[in-house]
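Survey of secondary and tertiary structure
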Amino acid sequence: MLRGRIRARVARLLRAAIRVLARWAEIDLDRLRPQEAAPPVPPAAPARRRYAEEFLRDLPPALDPVLPPARDEEIEAGIAIRRPYLLDGPEGDPPYMVDLVRAFRLLTGARCYIEVGTFDKGNLAYAARLLAPDATLIDVDIEARPERSARLAEELRPDQTLETVVGDSSDEHTLARVREILKGREADAVFIDADHCAHSVFADYAAYAPLVRPGGWVLFHDVYWNGDETTFGTAAALAQIDRFSPIHVVFGNDPVHRFLPWLGKQDTIWGGVGILRR
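Residues numbered from 1 in each chain as written. Predicted model: local features only at pLDDT ≥ 70, side-chain atom pairs only at ≥ 80, totals over all residues. Heavy atoms only, no water.

1. Observations concerning the packing of helix 2 (residues 72-82) against helix 4 (residues 122-130)
- Closest axis-to-axis distance for the helix 2/helix 4 pair is 8 Å, and the angle between their directions is 130°. Considering the angle they form, helix 2 stands oblique to helix 4. For the pair helix 2 and helix 4, the crossing hand works out as right-handed. Contact with helix 2, carried on its side by Gly-78, Ile-81 and Arg-82, involves Gly-122, Asn-123, Ala-125, Tyr-126 and Arg-129 of helix 4 and no other residues of that element.
- Residues belonging to the contact of helix 2 with helix 4 are distributed by class as follows: three nonpolar, three polar and two charged. (Axes fitted to C-alpha atoms, helices over the stretch in contact; angles between N-to-C directions. Helix = DSSP H or I, 4+ residues; strand = E, 2+ residues; numbered from the N terminus. Parallel < 35°, antiparallel > 145°, perpendicular 65-115°, else oblique. Left-handed = near helix turned anticlockwise from the far one by under 90°. Contact = heavy atoms within 4.5 Å. Nonpolar A, V, L, I, M, F, W, Y, C, P; charged D, E, K, R; others polar.)

Written out as structure tokens, the structure reads:
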């Protein structure tokens, strides 16, 4: 009993002392009372990758158009063009628009463009808005999507031409059909975005890069994909190509940099556009 009364008296004295100190220090006592737990803070976005100076300097002047970050209006315009082509429906946002907006500035005014691996055709639709009014677009894909090809053809400008080649991009018959369409012309650019296995990326580069004029562009998508347990990915092919022909990379709004594979063994990195000038 006595101990209980002593503990109660001590507690009252402590509360009184706290109130006196609060008046002196002008402390809001509400802050001392238990509060509801604050909602968890969402994890911060991964820090932008750090690049050694050697990978950022001596950029060719021809890359100047891709140096500025993607503007909001560019991204919004690209999404509006590509969204209707999404196979999962037009509710979502097309992926990797920042990469494509920046890299595809190089296509402005081009008159002959080849895309290898066109899937839903939305990327072709975006490229068409950048190309010359009389440009030829050559669509190479292993699978026909006639309804989307028809939509694309309707959206082209009157003097633009769409040529569709259905077949394995690395097959000699497919390549022969592309050459037949070109009729000796050289393309201004090719975008390689088909099978991402290293051997397929390298085969597409070997087949289609020679069709591009000197000073034209060879573009690669998903440049930092390392592959999976069964195959090496795009990054392995580009590491070999970069030994002889410099590849620079647009990756989000990071600085344009020389190709630099992700060094984590288990890293799975998508997006990014590799740029090689012929």
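2. Topic: the pattern of salt bridges
- Evaluated as defined, the whole model comprises 12 salt bridges.
- Between Glu-180 and Arg-177 there is a salt bridge, with the nearest N and O atoms lying 2.8 Å from each other. One end of the pair is Glu-180 and the other is Arg-177, both in helix 6 (residues 172-182) and three residues apart, which spans about a single turn.
- By relative accessible area, Arg-177 is classed as partly exposed at 31%. (Salt bridge = Lys/Arg side-chain N within 4 Å of Asp/Glu carboxyl O. Buried < 20%, exposed > 50% of the residue type's maximum accessible area, 1.4 Å probe, protein only.)

3. Examining helix 5 (residues 146-155)
- Those residues of helix 5 lying buried are Arg-148, Ser-149 and Leu-152. All buried residues of helix 5 lie within an arc of 100° about the axis, which places them on one face of the element. Opposite the buried face of helix 5, at more than 90 degrees from it, the exposed residues are Pro-146 and Glu-154.
- Buried-residue contacts for helix 5 involve helix 4, strand 2 (136-141) and strand 3 (161-166). (Arc of directions from axis to C-beta.)

4. Here's the deal with the side chain of Asp-188
- Within the secondary structure, Asp-188 sits in strand 4 (residues 187-192).
- The class for Asp-188 is buried, based on a relative accessible area of 14%.
- Separated by 2.7 Å, the side chains of Asp-188 and Arg-213 make a polar contact.
- With residues near it in sequence (within four places) discarded, Asp-188 still touches Ala-110, Arg-111, Cys-112, Val-212, Arg-213, Gly-216 and Trp-217. (Polar contact = N/O pair within 3.5 Å; in protein donor to acceptor, adjacent residues only side chain to side chain.)

5. Things to note about the nonpolar core
- In this structure, Ile-114, Val-178, Tyr-208, Val-218, Phe-220, Tyr-224 and Leu-238 are the most contacted members of the largest nonpolar core, which totals 38 residues.
- Broken down by secondary-structure element, the contributors of at least two residues to this core are strand 1 (112-116), strand 2, helix 6, strand 4, helix 7 (198-208), strand 5 (212-221) and helix 8 (234-241).
- The element contributing the most residues to this core is helix 7, with five residues.
- When neighbours within four sequence positions are excluded, Ile-114 is seen to be in contact with Ile-138, Val-140, Val-178, Leu-182, Ala-187, Ala-189, Val-190, Phe-191, Tyr-208 and Leu-211.
- Of all hydrophobic cores here, the second largest spans 35 residues; its members include Ala-70, Ala-127, Ala-135 and Leu-219. (Core = buried A, V, L, I, M, F, W, Y, C linked by side-chain atoms within 4.5 Å.)

6. Brief notes about the pairing of strand 5
- Most of strand 5 is tucked away: eight of the 10 residues are buried.
- Where strand 4 and strand 5 come together, five bridges link them in parallel fashion. Directly across from Ala-189, in strand 5, lies its bridge partner Trp-217.
- Remark: the strand 4/helix 7/strand 5 crossover connection has right-handed handedness.
- In the sheet, strand 5 pairs with strand 8 (residues 273-277) via five bridges, with the strands oriented antiparallel. Its bridge partner being in strand 8, Phe-220 is matched across the sheet by Gly-274. (Pairing = 2+ DSSP bridges. Right-handed = clockwise from strand over helix to strand, strands pointing away.)

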